[in-house]
Amino acid sequence: MWLKLFFLLLYFLVLFVLARFFEAIVWYETGIFATQLVDPVALSFKKLKTILECRGLGYSGLPEKKDVRELVEKSGDLMEGELYSALKEEEASESVSSTNFSGEMHFYELVEDTKDGIWLVQVIANDRSPLVGKIHWEKMVKKVSRFGIRTGTFNCSSDPRYCRRRGWVRSTLIMSVPQTSTSKGKVMLKEYSGRKIEVEHIFKWITAHAASRIKTIYNAEHLKEEWNKSDQYWLKIYLFANLDQPPAFFSALSIKFTGRVEFIFVNVENWDNKSYMTDIGIYSMPSYILRTPEGIYRYGNHTGEFISLQAMDSFLRSLQPEVNDLFVLSLVLVNLMAWMDLFITQGATIKRFVVLISTLGTYNSLLIISWLPVLGFLQLPYLDSFYEYSLKLLRYSNTTTLASWVRADWMFYSSHPALFLSTYLGHGLLIDYFEKKRRRNNNNDEVNANNLEWLSSLWDWYTSYLFHPIASFQNFPVESDWDEDPDLFLERLAFPDLWLHPLIPTDYIKNLPMWRFKCLGVQSEEEVSEGSQDTENDSESENTDTLSSEKEVFEDKQSVLHNSPGRTSHCDAEACSCANKYCQTSPYERKGRSYGSYNANEDMEPDWLTWPADMLHCTECVVCLENFENGCLLMGLPCGHVFHQNCIVMWLAGGRHCCPVCRWPSYKKKQPYAQHQPLSNDVPS
């Protein structure tokens, strides 16, 4: 999980550097930056009209270019980035969808129950033609959708009773606007009563009703009173301009941020004395001023702060976010991090997608579960100070230059989704390349596994769990520790025992205990060479006595094994449960003894002192059914059973992550058994 988070942060850093690189290329080719101001005099009449449409100002009564240019200058400074975005939006001839209401409940759910938006609905009466024709309605939909105004059509033929109750006997236009200035307040419906059925006139009617909700100041005394007043709003944004009414994007934002930010329009068109504005730091017109408890902030002086709906919306969301904004942000980040598993996972293609689906389900489930206590925590009445300090921290951090760069990059990549997806794919392919190269250097065989091999190992894994004994009926210890990583623990929580399990990482194999099998009385080659002279000088009678004593020990052991009552082992069943010549309970041992011969090292007593304390004593590997030889490499599992190192590694690497004897998971710790006294003490000398 931490590796995915690291790769995600690295990807964001790449996006930041790539955006600066694009800016450098544009500056090198054209000599301009996105924050550079544009002189409206140098623009054509068509570009000036495009800017006014994006800002939401009407120009139908201004036939000359000079009047249009002055209106652009009165509404705010124009930057190269805003001009580029406006022209790009104008060229994109995308058809905006409009909702068709099916009845009263559908209309109530979307229109009357929406508290923070504007709806424009065309009502078509029974056996009547619509008030606005199809062509003009499509233009209207495209024009108002720039400002977040949603549109729809209600045909009275689908619910005539509701139309009669509402009094809609003729075709008309209905606009829904929040009635109060509080969040989630009531909604009022207004009907269009104009005679001219044109796009510009209808748009003026919409903007006039939306602007009526904004507090307007017409003189300096009113401004002084409002400026020094302290109320429930922590954020207030002022527009000082020489306009009849605020732009449509400003009015639309005032409805969108109802209850969070107060929008105030200061009309300085007929002011004679502007000294008070100089006292509070307003020196130029128009100006967008954000008033916070920490001071004032002049909007438009940093990167990406354009006079548009999208730019100011992202700016205000970063300063005064809703809980839903934070949830959506966390949802996007978690899914971007989960998709990194598609490139980090190596091996078969089917394996990649199975792991990806498992990760997506786990991460999203945990995200939703973790948000539930957070929502309950935010409802507590004693967290006002915590909430206030959190917002203050957001205001301090999001009014910096770095935050303005991040917002500008967010708007850039959101308007170019193909570039965002291609960079994410390229970043993932680089991760896949380096991860594959690293695992090949570590001689990891799963890199070269194909789909058929992986499906075969997955089936073996599934069947091993299907026939796994139910843990509740076993005498397993209640208290056990988990030594796997957090990802494995979360995946096991997300899936029941008999469902398809994700593959277990094989990193734990490196941590399993390993040691050499040694026998008492067996000398190494160096000791044998050093003592060769002494051996030659030994008497023949001493050799005969030694061999006879060893034979007696061997016969005593054989008598213990074969002549004990009930063919049970001399050792305790709990202390030794694997198949070996000391423990007769396993069928593997009976099969091994049927060979009727032992190697030379069987005559020697194993050196149990070299074994780990929690390992069971045995002398045979039940995987290959071969006895342990002196000097061979052994490996033990958490359950205590011991095998040849090569045998058990091949067993575990094949996807069978459990003990071949007791089926205890090989990655899960188990409470150690009480060790029985070494068998060498039990055998008579």
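Just above sits the structure.
Source: prediction; values computed, not measured.

Before going further, it helps to spend a moment on the overall build of the protein chain. Within the protein chain, the regular secondary structure consists of 26 helices and 15 strands. For the protein chain, the proportion of its 685 residues judged to be buried stands at 42%. Of the contacts made within the protein chain by residues no fewer than 6 positions apart, 71% connect residues no fewer than 24 positions apart. As presented, the protein chain carries roughly 38,000 Å² of accessible surface, and 56% of it is formed by carbon and sulfur atoms.

Another aspect to go through is the environment of Gln36. For Gln36, the location among the structural elements is in the loop between α1 (2–30) and α2 (45–55). Taking the relative accessible area as the measure of exposure, Gln36 reaches 33% and is therefore partly exposed. Gln36 sits 42 residues away from Leu78 along the chain, and the two C-alpha atoms are 8.5 Å apart. The contacts of Gln36, once residues within four sequence positions are left out, are Gly31, Leu78, Met79 and Glu80.

As a further point, take the packing of helix α8 (residues 199–211) against helix α10 (residues 248–256). Across the interface, α8 lies against α10 with an axial gap of 9 Å and an inter-helix angle of 50°. Relative to α10, the element α8 is oriented oblique. As α8 runs across α10, the sense of the crossing is left-handed. Where α8 approaches α10, its residues Phe203, Thr207, Ala210 and Ala211 are matched on the opposing element by Ala248, Ser251 and Ile255. Split by residue class, the contact of α8 with α10 holds five nonpolar, two polar and no charged.

Let us now look at the sheet that holds strand β6 (residues 215–217). Strand order across the open sheet formed by five strands is β6-β8-β7-β9-β10, with mixed pairing between neighbours. Of all strands in the sheet, those bounded by a partner on one side alone are β6 and β10 (295–299). When strand polarity is set aside, the average angle formed by the axes of neighbouring strands in this sheet is 25°. Examined bridge by bridge, β6 and strand β8 (residues 261–267) share three bridges and lie parallel to one another. Bridging from a neighbouring strand, Lys215 pairs with Ile264 of β8.

As a further point, take the pattern of salt bridges. A full pass over the atoms with the stated rule returns 24 salt bridges. One salt bridge in this structure joins Arg165 and Glu104, with 2.7 Å as the shortest N-O distance. Of the two residues, Arg165 sits in helix α7 (residues 160–166) while Glu104 sits in helix α5 (residues 104–112), which places them 61 residues apart along the sequence. Each member of the salt-bridge network shares a partner with another, and the members are Lys256, Arg260, Asp313, Arg317, Glu322 and Asp325.

Pairing analysis gives three bridges linking strand β1 (residues 99–101) to strand β3 (residues 150–155), with the strands arranged parallel. Looking across to β3, one finds that Thr99 is bridged to Gly152. Of the pairings in the sheet, the one linking strand β2 (residues 119–124) to β3 comprises six bridges and is parallel in character. Bridged to Leu120 within β3 is Thr151. As a crossover connection, the stretch from β2 through helix α6 (residues 134–144) into β3 is right-handed.

The subject of this paragraph is the sheet that holds β1. Strand order in the open sheet formed by five strands is β1-β3-β2-β4-β5, with mixed pairing between adjacent strands. The sheet terminates laterally at β1 and β5 (187–191), the two strands that pair on one side only. Averaged over all neighbouring strand pairs, the angle between strand axes comes to 25°, with direction disregarded. Lying over the sheet, α5 contacts β1, β2, β3, β4 (172–178) and β5, oriented at roughly 135° with respect to β1.

Helical geometry note: an α-helix holds 3.6 residues per turn, so side chains three or four residues apart project in the same direction. Here helix α25 (residues 645–653) has its buried residues at Gln645, Cys647, Ile648, Trp651 and Leu652. What you see down the axis of α25 is that its buried residues fit within an arc of 165°, all on one side. Residues of α25 that are exposed and angled more than 90 degrees away from the buried face: Asn646, Met650 and Ala653. Each element contacted by the buried residues of α25 is listed here: β11 (514–516), β12 (620–621), β14 (633–636) and β15 (642–644). Where α25 terminates, the next one or two residues include Gly655, which has phi positive at roughly 100°.

Further remarks concern the packing of aromatic side chains. Summed over the entire model, instances satisfying the criterion amount to 36 aromatic pairs. With a centroid separation of 5.1 Å and an interplanar angle of 80°, the aromatic rings of Phe250 and Phe263 are classed as edge-to-face. Of this pair, Phe250 sits in helix α10 while Phe263 sits in strand β8, placing them 13 residues apart in sequence. Phe263 carries the same exposure label as Phe250, and that label is buried. Through a chain of ring-to-ring contacts, the aromatic side chains of Phe249, Phe250, Phe263, Tyr288, Tyr297, Tyr299 and Phe315 assemble into a single cluster. When the ring centre of Phe16 is taken as origin, the NZ or CZ atom of Arg20, which lies over that ring, is 4.7 Å away. Here Lys143 stacks its cationic end above the ring of Phe203, 4.7 Å away from the centre of that ring.

Met140, Ile206, Phe263 and Met312 are the most contacted members of the largest nonpolar core, which totals 63 residues. Excluding residues within four positions of it along the chain, Met140 makes contact with Leu120, Val199, Ile202, Phe203 and Ile206.

Glancing now at the side chain of Asn267. Locating Asn267 in the fold gives a position in strand β8. Among the polar contacts made by the side chain of Asn267, one reaches the main-chain carbonyl oxygen of Leu243 at a distance of 3.1 Å. Aside from chain neighbours lying at most four places away, what touches Asn267 is Ile217, Tyr218, Ala241, Leu243 and Asp244.

Moving on: the pairing of β4. Across the seven residues that make up β4, a large majority, seven, are buried. Here β4 shows no split at all, with Thr172, Ile174, Ser176 and Pro178 on one side and Leu173, Met175 and Val177 on the other all buried. Across five bridges, the pairing between β2 and β4 is antiparallel. Within the sheet, the bridge partner assigned to Trp119 lies in β4 and is Ser176. Pairing of β4 with β5, which is carried by five bridges, proceeds in the antiparallel orientation. When the sheet's bridge partners are listed, Pro178 is paired in β5 with Val187.

A word on unusual backbone geometry. Residues Met285 and Pro286 are joined by a peptide bond in cis, for which omega reads -5°. Within the secondary structure layout, Pro286 lies in the loop between α11 (275–279) and β9 (287–292).

Moving on to the packing of α1 against helix α13 (residues 323–339). Close contact between α1 and α13 brings their axes to 9 Å; oriented N to C, the two are set at 110°. As the angle between them shows, α1 and α13 are arranged roughly perpendicular. From α1, Lys4, Leu5, Leu8 and Phe12 reach across to α13, where they touch Leu333, Leu336 and Met337. Here the contact of α1 with α13 is composed, by residue class, of six nonpolar, no polar and one charged.

Each value, and the rule that gives it
Residues numbered from 1 in each chain as written. Predicted model: local features only at pLDDT ≥ 70, side-chain atom pairs only at ≥ 80, totals over all residues. Heavy atoms only, no water. Helix = DSSP H or I, 4+ residues; strand = E, 2+ residues; numbered from the N terminus. Buried < 20%, exposed > 50% of the residue type's maximum accessible area, 1.4 Å probe, protein only. Contact = heavy atoms within 4.5 Å. Areas by Shrake-Rupley, 256 points an atom, 1.4 Å probe, with all protein chains shown as cover. Axes fitted to C-alpha atoms, helices over the stretch in contact; angles between N-to-C directions. Parallel < 35°, antiparallel > 145°, perpendicular 65-115°, else oblique. Left-handed = near helix turned anticlockwise from the far one by under 90°. Nonpolar A, V, L, I, M, F, W, Y, C, P; charged D, E, K, R; others polar. Pairing = 2+ DSSP bridges. Salt bridge = Lys/Arg side-chain N within 4 Å of Asp/Glu carboxyl O. Right-handed = clockwise from strand over helix to strand, strands pointing away. Arc of directions from axis to C-beta. Phe/Tyr/Trp six-rings, centres within 6.5 Å; stacked < 30°, edge-to-face > 60°. Lys NZ or Arg CZ within 6 Å of the ring centre and 35° of its normal. Core = buried A, V, L, I, M, F, W, Y, C linked by side-chain atoms within 4.5 Å. Polar contact = N/O pair within 3.5 Å; in protein donor to acceptor, adjacent residues only side chain to side chain.

Take it as geometry only, folks, not as evidence of what the structure does.
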